[in-house]
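The lines below spell out each chain.
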Amino acid sequence: MFNVFIWLYAGIILTIIGALGTCWGPGVKDPVVRTLNTEVASVGVSLILLCYNHTLALLTMIATSVICTLILLRAISRLEEMGADV
């Protein structure tokens, strides 16, 4: 019926792809693409935690999305203040 291992493996794959995409992927200079790659990794972590507890997965998704977005927006604004080409 509901195979937990499919969601677990999909979460692991999404987490790895999102992390690699954020670090070395195409368009690393573009902040929008970097934010989307970070969201892919957070969805992967949420799928992994979904296998254990639904509330834990929802809270993790919300927390990682907000924290990663705030960190990336702050880093982008600091780089623009310094005059770097973002």
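Everything numeric here is computed off the predicted structure, so don't read it as measured data. (Residues numbered from 1 in each chain as written. Predicted model: local features only at pLDDT ≥ 70, side-chain atom pairs only at ≥ 80, totals over all residues. Heavy atoms only, no water.)

**Comments concerning the overall build of the protein chain**
Counting its regular elements, the protein chain contains three helices and zero strands. Burial statistics for the protein chain: of 86 residues in total, 23% are counted as buried. Contacts in the protein chain between residues at least 24 apart in sequence constitute 51% of all its contacts with a sequence separation of at least 6. When the accessible surface of the protein chain is totalled, it reaches about 6,100 Å², and 75% of it is carbon and sulfur. (Helix = DSSP H or I, 4+ residues; strand = E, 2+ residues; numbered from the N terminus. Buried < 20%, exposed > 50% of the residue type's maximum accessible area, 1.4 Å probe, protein only. Contact = heavy atoms within 4.5 Å. Areas by Shrake-Rupley, 256 points an atom, 1.4 Å probe, with all protein chains shown as cover.)

**Side note on the confidence of the model for the protein chain**
For the protein chain, per-residue confidence averages 78 on the pLDDT scale, and residues scoring 70 or more make up 87% of the total. Per-element averaging of pLDDT across the protein chain places helix H2 (residues 31–50) at the bottom with 78 and helix H1 (residues 4–24) at the top with 84. (pLDDT = per-residue confidence, 0-100.)

**Examining the environment of Gly44**
Within the secondary structure, Gly44 is located in helix H2. Not counting residues within four places of it along the chain, the set of residues in contact with Gly44 comprises Gly11, Leu14 and Thr15.

**Describing helix H3 (residues 54–82)**
Compared with the 42 Å implied by 1.5 Å per residue over 29 residues, the 42 Å span of H3 between its first and last C-alpha is a close match. The set of residues buried in H3 consists of Ala57, Thr60, Ser65, Leu72 and Ile76. Capping the start of H3 is the job of one residue whose side-chain oxygen sits 3.2 Å from the backbone nitrogen of Thr55: Asn53. With its phi angle positive at about 90 degrees, Gly83 sits one or two positions after the end of H3. (Expected span 1.5 Å × (residues − 1). Polar contact = N/O pair within 3.5 Å; in protein donor to acceptor, adjacent residues only side chain to side chain.)

**Examining the environment of Leu72**
Here Leu72 shows up in helix H3. Along the chain, Leu72 and Arg34 lie 38 residues apart, while their C-alpha atoms are 8.3 Å from each other. Those residues in contact with Leu72 that lie beyond four places of it in its chain are Arg34, Thr35 and Thr38.

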